[in-house]
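Breakdown of the fold
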Amino acid sequence: MTLAARLRSSVSTLARGALGVAGGLALFVAIAGVPADALAQTAAPADAAPIQGEGPALWVIKDADSTLYLFGSVHVLRPTTGWASPRVEAAFDSASDIWFEISNPDDQAAVMPLIQQHGLSLDTPLSSRLTPEENVELEAAAQAMGASVAQLQPMKPWLAALSLSVAPLVKAGYDPKSGVELVLKARAEAAGKPIHAFETIDKQIGILANLPDDVQMAFLRETLKDYENAVTMLDTMVEAWAKGDVATLDRVMVEEMKTASPALYQALLVDRNTDWADQIQTMLEGSGTAFIAVGAGHLTGEDSVQAILQKRGVTVEAAS
């Protein structure tokens, strides 16, 4: 499978939203333009569907004086998606500290200067990098997302692709306010639980902005061809996530990326998972209970956070 095919079939970590990098980058929330009242939501909507089976997967790491829960999140969800299972609720309530990929995905004031610095190229209009046929597609995509093509022209390829990927999801009812991080962040703040982060917004933007130019252009071109299918792809992923089907998440989010683009897989998943595993081991040297929510793509596959920890002799088990 080519990189282009991978980006088309899995817009995984980036455009599926979610998951962050695949589940992906929590930066997705900022790109989606979270309104200032996002944190007013403190719990799952009352009309959310019942969870499927035991709900999304949850893992636990324990030593003599520490308990760490690992929960794979989705950064944008429809308000009706049920995910707050009794075991997830109990694990969250028992934690004294909460960890996310980044602590402020909804902070537009923080993200906008970084977007301006790393996401715009005023001297090179986007249209100058595309064929006439692709520019027609760009204009159609801009109109579909309720923007003008002029608004996309200053964007670098990675930002244009990500913005175009977000639009159909929001249009289909996916909402950052209903995503796992913002719901849990609001609950943590209401309960006075300290919030921590493995990364910063600066770092997440840097991961995308520093992708090789050919990778950025492939991402943009395939998004132009297939952005309307992003909803179907995310629906498939969310359905698997919501019922704890980790094998399907691994197949549709991780394995294809690993086969198609080892460099992208290394940058978006392996390097970051390794860094997070380091930080988790440092946490284990202390004491207490923590709840860790990161994009679900980071918790599947042979290079997942759990797999890296287990190779180092840390026992990670499914939480009951």
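The present account deals with the structure reproduced in this document.

How each quantity is defined
- Residues numbered from 1 in each chain as written.
- Predicted model: local features only at pLDDT ≥ 70, side-chain atom pairs only at ≥ 80, totals over all residues.
- Heavy atoms only, no water.
- Pairing = 2+ DSSP bridges.
- Helix = DSSP H or I, 4+ residues; strand = E, 2+ residues; numbered from the N terminus.
- Axes fitted to C-alpha atoms, helices over the stretch in contact; angles between N-to-C directions.
- Parallel < 35°, antiparallel > 145°, perpendicular 65-115°, else oblique.
- Left-handed = near helix turned anticlockwise from the far one by under 90°.
- Contact = heavy atoms within 4.5 Å.
- Nonpolar A, V, L, I, M, F, W, Y, C, P; charged D, E, K, R; others polar.
- Expected span 1.5 Å × (residues − 1).
- Buried < 20%, exposed > 50% of the residue type's maximum accessible area, 1.4 Å probe, protein only.
- Salt bridge = Lys/Arg side-chain N within 4 Å of Asp/Glu carboxyl O.

So, about the sheet that holds strand β6 (residues 317-318). Strand order across the open sheet formed by 6 strands is β4-β3-β5-β2-β1-β6, with mixed pairing between neighbours. Where the open sheet ends on each side, the last strands, each with one partner, are β4 (195-197) and β6.

Helix α11 (residues 201-209) packs onto helix α6 (residues 108-118) with a crossing angle of 25° between their chain directions and a minimal axis gap of 10 Å. Between α6 and α11, the angle is such that the two are roughly parallel. Handedness of the crossing formed by α6 with α11: right-handed. In this structure, α6 contributes V111, L114, I115 and H118 to the contact, and α11 contributes I201, D202, I205 and A209. Looking at the contact of α6 with α11 residue by residue, the class counts come to 6 nonpolar, 1 polar and 1 charged.

Turning to its location among the elements, I102 is positioned in the loop between β3 (97-100) and α6. Taking the C-alpha atoms as reference points, I102 and F198, 96 residues apart in sequence, are found 6.3 Å from one another.

Turning our eyes to something else, we now look at helix α13 (residues 230-242). Its 13 residues give α13 an end-to-end C-alpha distance of 18 Å, which sits within 8% of 18 Å, the value for a rise of 1.5 Å per residue. Those residues of α13 lying buried are A230, V231, M233, L234, M237, V238, A240, W241 and A242. Immediately downstream of α13, the backbone of G244 shows phi near 75°, a positive value.

As a further point, take the pairing of strand β2 (residues 66-73). On any regular strand, side chains alternate: one points to one face of the sheet, the next to the other face. β2 sits mainly inside the fold: 8 of its 8 residues count as buried. Once strand β1 (residues 58-62) ends, the chain turns through 3 residues before running back antiparallel as β2. In terms of strand pairing, β2 meets strand β5 (residues 288-295) through 8 bridges, oriented parallel. Counterpart to T67 in the pairing with β5 is T289.

Next up on the list: the pairing of β5. For β5, a buried count of 6 out of 8 residues is recorded, marking the element as mostly surrounded by other parts of the structure. When β3 meets β5, the two strands line up parallel, connected through 4 bridges. Bridge pairing in β5 links W99 to I292.

Oppositely charged side chains may form a pair once their charged atoms are brought near each other. By the definition in use, this model includes 11 salt bridges. The salt bridge partner of E89 is R187, with a shortest N-O separation of 2.5 Å. Of this pair, E89 sits in helix α5 (residues 86-94) while R187 sits in helix α10 (residues 180-191), and the two are 98 residues apart along the sequence. Among the residues examined, E89 registers a relative accessible area of 26% and is labelled partly exposed. One salt bridge in this structure joins R129 and D213, with 2.4 Å as the shortest N-O distance.

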